[in-house]
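Observations on chain architecture
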Amino acid sequence: MQLTGFFDEAAPDLDGQLRAVAALGWTSIECRNIDGINLTNLDDSAFDGVCQKLQDANVGICCFGSAIANWATPLSAAPESSYAQLHRAILRMHRLGTTLIRVMSFSVPEDGSVNDPQVTAEVIQRMRHLTRIAEDGGVTLVHENCDTWGGRSHEHTLRLIDAIASPNFKLALDTGNPVFRKDICGEKPFRYQDAWGFYQNVKDHISHVHIKDGRIVNGAMEYSYPGEGDGSVRRICADLKKSGYSGYISIEPHLSVVAHDSMKVPAEAMFDTFVEYGHRMEKLLADC
């Protein structure tokens, strides 16, 4: 297992992100946003600058943190923009030398409509198309169990895996997301998912891992350092190690800042919290 992370939670700018990489002594980042702009959407000149700085720092990109089909992309939106994003991302992935790209599976309301046959068919059709683009481009989609159709339960995730049936469609397990996502299966009232149970059901399809942790406090997610919440981080990491998992473990603290929120946090607080989280994750893995 190799440690990496969403370093846009350490600093908004690439210089600050690379400073955090150096402080931890790691060799790669899961690149998502640079100065608040997703790597896919940077203009060509800015992207050239990113490539040069990464090369100069001898830092690689383990996974391309796209926003394709994410929680801000409703199923009601035309799919062509998602397809275009992937085509553009693949060209950048080839230049960066990475083969994994994080995706989701379109925002669908947290109610019974998520299980509507027409909704299910449309999601699967779109994800199949994205996978065909990935196959043609020689990259692999890793689907994160976030606030989109495939993250509504482990059954939804497995339906995607079974329906797409491609070596270019795998999973990016996020340990923290089940803690505050309802399990939209069966009858209401829906209960929160169980992180360990989710992992056990999908573990054979995992190619990438995101580490968040926390617990529900007064109906809202309160994030914590790894191993201190209800994300079963220690148990999952121990089982991954025992099972011979050799991929990346990518930290996404959500403590000082959440990338998609408009929080204003002092730069040093972001940096220090992220580096501390990384050191605690190193210890947790060593303890496994």
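Reference entry: report on the structure contained in this document. Computed from a prediction, not measured in an experiment: that's the story for all the values here. (Residues numbered from 1 in each chain as written. Predicted model: local features only at pLDDT ≥ 70, side-chain atom pairs only at ≥ 80, totals over all residues. Heavy atoms only, no water.)

Counting across every chain of the model gives five aromatic pairs. Consider the rings of Phe-7 and Trp-26, whose centres lie 6.1 Å apart with planes at 90°: the pair is edge-to-face. In this pair, Phe-7 is assigned in the loop between strand 1 (2–5) and helix 1 (14–24) and Trp-26 in the loop between helix 1 and strand 2 (28–31), connecting sequence segments 19 residues apart. Pair check on accessibility: Phe-7 and Trp-26 agree, each one buried. Each ring, one from Tyr-225 and one from Tyr-277, has its centre 5.7 Å from the other, and the planes form 35°; the classification is tilted. Here Tyr-225 is found in the loop between strand 11 (220–223) and helix 7 (233–243), whereas its partner Tyr-277 is found in helix 8 (residues 267–287), with 52 residues between them in sequence. On the accessibility criterion, Tyr-225 (19% relative accessible area) is buried. Members of the aromatic cluster, each reached through a chain of ring pairs, are Phe-7, Trp-26 and Phe-274. Cation over ring: Arg-19 sits above Phe-271, and NZ or CZ is 3.8 Å from the ring centre. (Phe/Tyr/Trp six-rings, centres within 6.5 Å; stacked < 30°, edge-to-face > 60°. Helix = DSSP H or I, 4+ residues; strand = E, 2+ residues; numbered from the N terminus. Buried < 20%, exposed > 50% of the residue type's maximum accessible area, 1.4 Å probe, protein only. Lys NZ or Arg CZ within 6 Å of the ring centre and 35° of its normal.)

When you line up the elements, Glu-187 lands in the loop between strand 8 (169–174) and helix 6 (195–202). Classification of Glu-187 as exposed rests on a relative accessible area of 69%.

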